[in-house]
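# Structural features, examined
Read off the chains here:
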Amino acid sequence: MVYVTIIFVSLIIAASFTESLVFVFFTLIYPILYLANVYFRRKRLNSAQPWSINEKVILITGASSGIGKSLAYLCAKNGANIIICARRTEMLSHVAEECRKINDSVKVLKVKCDVTNEFEVSQMFEIIKTTFNRLDCIILNAGVSMGEQFEDVDYSIIKNIMDINYFGATNVTHKALPLLKNNKKSRILVVNSIIGIIPIPLRTGYTASKFALRGFFESLQGELWKDEIFVTMAYPGSVKTEINQNRLGSNPRELDFSDAISSEECARILIEGISRGDKEILFTNRNRLVRLIEGIYPELLAYFACTKGKKHVNLGRNNQ
Ligand SMILES: NC(=O)c1ccc[n+]([C@@H]2O[C@H](COP(=O)([O-])OP(=O)(O)OC[C@H]3O[C@@H](n4cnc5c(N)ncnc54)[C@H](OP(=O)(O)O)[C@@H]3O)[C@@H](O)[C@H]2O)c1
């Protein structure tokens, strides 16, 4: 709907221009590019279908709380065998128990694993091979955030965030690929953030890690296309989880989450997205608009990011 409106508005603007090049762009080239985009989306979805999580083997990183925990429950409910990993073992055990209560016919394997630790990640894959010798999907969800001005931040936090959010995800992917490649149409779901599209102040390290994921997986998709392994990049907005309590550094944790969705709702949208083989999941129409503006009018988006960001910086100062 948004696209149609934009084309319509573009045509009206075009009519008011006399210069032929501008006219040709708005009336001919822009609609053709739009239709090509729709065509390639359909083509991807046709190659990706059909894919249901039932009886699949799915690894979820960062499953001890929040979105990862809700994903584990939803996967178990829908008949997927799951491997859940995180660092906090007690919380992980609780999630595993709940999954078994939800559906006792699925296998649930819990592994204590810090995604930044190469040895622990390798060990986890040994256990996965021994238990399942198969993997259909990885959900790269483990992540931490921050909320502090760059000049005030302890620099180790910037490295730590990159280590968990970016190197953690690429490390798991590297070890998972041999197993994923054994099955056609395997899936990789990356839990990015809307901040991976529109950067805002106080989140420098977090933004960098999420932008890095985007670049990495766009490139990797090119390598995996021939194997029919599809990457879905999800860009949630606010989701009610522990993410702010767990933020690294000394920073304000009380944010306005009044328009945040629940982690259960987020998990539902994510699973629907990977089942379809979507390239991106944008959650709300506002976020779809942000994505569209980023593609066409990047300066406009950068301006909004800075003005919205100014409020965040002031909020940060008031809370300190
Ligand atoms: N909540 C939001 O508003 C929001 C919005 C956009 C994107 N996201 C993204 O969603 C993902 C999940 O966050 P959440 O909101 O569900 O927050 P959360 O409740 O704090 O969950 C984060 C999960 O990541 C795990 N984790 C952190 N560091 C890890 C490490 N080194 N190794 C293994 N696991 C690790 C945590 O487990 P342990 O501490 O037990 O290891 C926890 O299970 C993150 O990637 C985040 O960037 C969240």
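See above for the structure.
In what follows, the accompanying structure is described. Everything numeric here is computed off the predicted structure, so don't read it as measured data. In every chain, residue numbers begin from 1 and rise along the written sequence. Restriction of local features to residues with pLDDT of at least 70 applies here, the model being predicted, together with a cutoff of 80 or more for giving and counting side-chain atom pairs; totals for whole chains, interfaces and linings are based on all residues. Each side-chain value is derived from all of the structure's non-hydrogen atoms; neither hydrogens nor water enter the calculation.

Turning to the pairing of strand β6 (residues 230–234), a few remarks are in order. Three labels apply to residues, based on accessible area from a 1.4 Å probe with only protein chains included: buried if under 20% of the type maximum, exposed if over 50%, partly exposed otherwise in between. Each helix is a run of DSSP H or I of at least 4 residues and each strand a run of E of at least 2, with the numbering of both proceeding from the N terminus. Of all five residues in β6, five are buried, a share of seventy percent or more. Burial along β6 is two-sided: the face carrying Phe230, Thr232 and Ala234 and the face carrying Val231 and Met233 are both buried. Strand pairing follows a simple DSSP-based rule, namely that at least 2 bridges must link the two strands. Inspection of the sheet shows strand β5 (residues 187–191) paired to β6 by five bridges, in the parallel sense. Counterpart to Leu189 in the pairing with β6 is Thr232.

This part takes up the packing of aromatic side chains. Think of it this way: a Phe, Tyr or Trp ring, Trp meaning its six-membered ring, pairs with another when their centres are within 6.5 Å, and the plane angle makes it stacked under 30 degrees, edge-to-face over 60, tilted otherwise. One pass over the full model with this rule turns up seven aromatic pairs. Taking the centre distance of 5.1 Å and the plane angle of 70° together, the rings of Tyr39 and Phe40 count as edge-to-face. Look at Tyr166 and Phe216: their rings are 6.0 Å apart centre to centre, the planes differ by 80°, and that puts the pair in the edge-to-face class. Of this pair, Tyr166 sits in helix α6 (residues 155–180) while Phe216 sits in helix α7 (residues 204–224), and the two are 50 residues apart along the sequence. Residue class for Tyr166 comes out buried when judged on its relative accessible area of 15%.

Right, let's talk about unusual backbone geometry for a bit. The amide bond that connects Gln49 to the next residue, Pro50, takes the cis arrangement and shows omega of -15°. The residue Pro50 is located in the loop between α2 (20–48) and β1 (57–61) in this model. Here Asn133, not a glycine, exhibits a phi torsion of approximately 45°, which is positive. Tracing the backbone through its elements, the reader meets Asn133 in the loop between α5 (118–131) and β4 (137–140). Since its relative accessible area comes to 54%, Asn133 is described here as exposed. We note that Phe283 has phi near 70°; this positive angle belongs to a residue other than glycine. Mapping Phe283 onto the fold places it in the loop between β9 (280–281) and α9 (285–296).

What follows is about the site of the ligand. Looking at the ligand, there are 30 residues lining it, with Arg87, Arg88, Asn141, Tyr206 and Thr241 nearest. Methods summary: accessible areas were calculated by the Shrake-Rupley approach with a probe of 1.4 Å, and residue burial reflects only the protein chains presented. Computed on the free molecule, the ligand has an accessible area of 870 Å², of which 97% lies beneath the protein chains in the complex. Those elements giving two or more residues to the shell around the ligand turn out to be α3 (66–77) and α7. Only Asp, Glu, Lys and Arg are considered charged, only Ala, Val, Leu, Ile, Met, Phe, Trp, Tyr, Cys and Pro nonpolar, and every remaining residue, Gly among them, polar. Here the shell around the ligand is built from residues that sort into 13 nonpolar, 12 polar and five charged. In this text, near means that some heavy atom of the residue lies within 4 Å of the molecule or strand in question.

Okay, the pattern of salt bridges next. Salt bridge, as applied in this entry: a Lys or Arg side-chain nitrogen positioned within 4 Å of an Asp or Glu carboxyl oxygen. Under the criterion given, the structure shown has 17 salt bridges. A salt bridge links Lys101 to Glu98; its shortest N-O distance comes to 3.2 Å. With a gap of three residues between them, Lys101 and Glu98 both fall in helix α4 (residues 89–102), about one helical turn apart. Among the residues examined, Lys101 registers a relative accessible area of 63% and is labelled exposed. Glu98 sits in the partly exposed class, given a relative accessible area of 22%. Its salt-bridge partner being Lys181, residue Asp227 comes within 3.4 Å of it at the nearest N-O pair.

This brings us to the packing of α6 against α7. Two numbers describe how α6 lies on α7: the axes approach to 7 Å, and their chain directions differ by 20°. In terms of orientation, α6 and α7 fall into the roughly parallel class. When the axes of α6 and α7 are compared, the crossing they make is right-handed. Residues Ile158, Ile161, Met162, Asn165, Tyr166, Ala169, Thr170, Thr173 and Leu177 of α6 lie in contact with α7, whose contacting residues are Thr204, Gly205, Tyr206, Ala208, Ser209, Lys210, Ala212, Leu213, Phe216, Phe217, Leu220 and Leu224. Tallied by class, residues from the contact of α6 with α7 come to 14 nonpolar, six polar and one charged. Axis geometry follows a simple rule: fit a line to the C-alpha atoms, using only the stretch in contact for helices, then measure angles between N-to-C directions, giving values from 0 to 180 degrees. Roughly parallel refers to an angle under 35 degrees, roughly antiparallel to one over 145, roughly perpendicular to one between 65 and 115, and oblique to any angle outside these ranges. When the near helix sits turned anticlockwise from the far one by under a right angle, the crossing is termed left-handed; a clockwise turn instead gives a right-handed crossing. Residue contacts follow a heavy-atom distance rule, with two residues in contact if any of their heavy atoms lie within 4.5 Å.

What follows concerns the side chain of Asp227. Tracing the chain through its elements places Asp227 in the loop between α7 and β6. Two N or O atoms count as a polar contact when they lie within 3.5 Å, although within protein this holds only if one can serve as hydrogen donor and the other as acceptor, and sequence-adjacent residues are included solely when both atoms are side-chain atoms. A distance of 3.4 Å separates polar atoms of two side chains, one belonging to Asp227 and the other to Lys181. Not counting residues up to four positions away in its chain, the partners in contact with Asp227 are Lys181, Lys184 and Lys185.

Right, let's talk about a nonpolar patch on the surface for a bit. Each patch is built from residues lacking any salt bridge and having more than 30% relative accessible area; the joining distance is 9 Å for like charges and 5 Å for nonpolar side chains (Val, Leu, Ile, Met, Phe, Trp, Tyr). On the surface, a nonpolar cluster with roughly 520 Å² of combined accessible area is contributed by Val24, Phe25, Leu28, Ile29, Ile32 and Leu33. Along the chain, Val24 turns up in helix α2. For Val24, a relative accessible area of 36% translates into the label partly exposed.

Here we come to the nonpolar core. Put simply, buried Ala, Val, Leu, Ile, Met, Phe, Trp, Tyr and Cys residues joined by side-chain atoms within 4.5 Å make one nonpolar core. Formed by 53 residues in total, the largest nonpolar core has its most connected members in Leu59, Ile83, Phe125, Leu135, Ile188 and Phe217. A total of 11 residues in this core trace back to one element, the largest contributor, which is α6. For Phe217, the residues in contact, after removing those within four places along its chain, are Leu140, Thr173, Ile188, Val190, Val231 and Met233.

Turning next to the sheet that holds strand β3 (residues 108–112). The strand order across the open sheet built from seven strands is β3-β2-β1-β4-β5-β6-β9, with neighbouring strands paired in parallel fashion. Two strands lie at the open edges of the sheet, namely β3 and β9, each paired on one side alone. Direction of pairing for β4 relative to β5: parallel, over a ladder of four bridges. Among the inter-strand pairings, Ile138 is bridged to a residue of β5, identified as Ile188.

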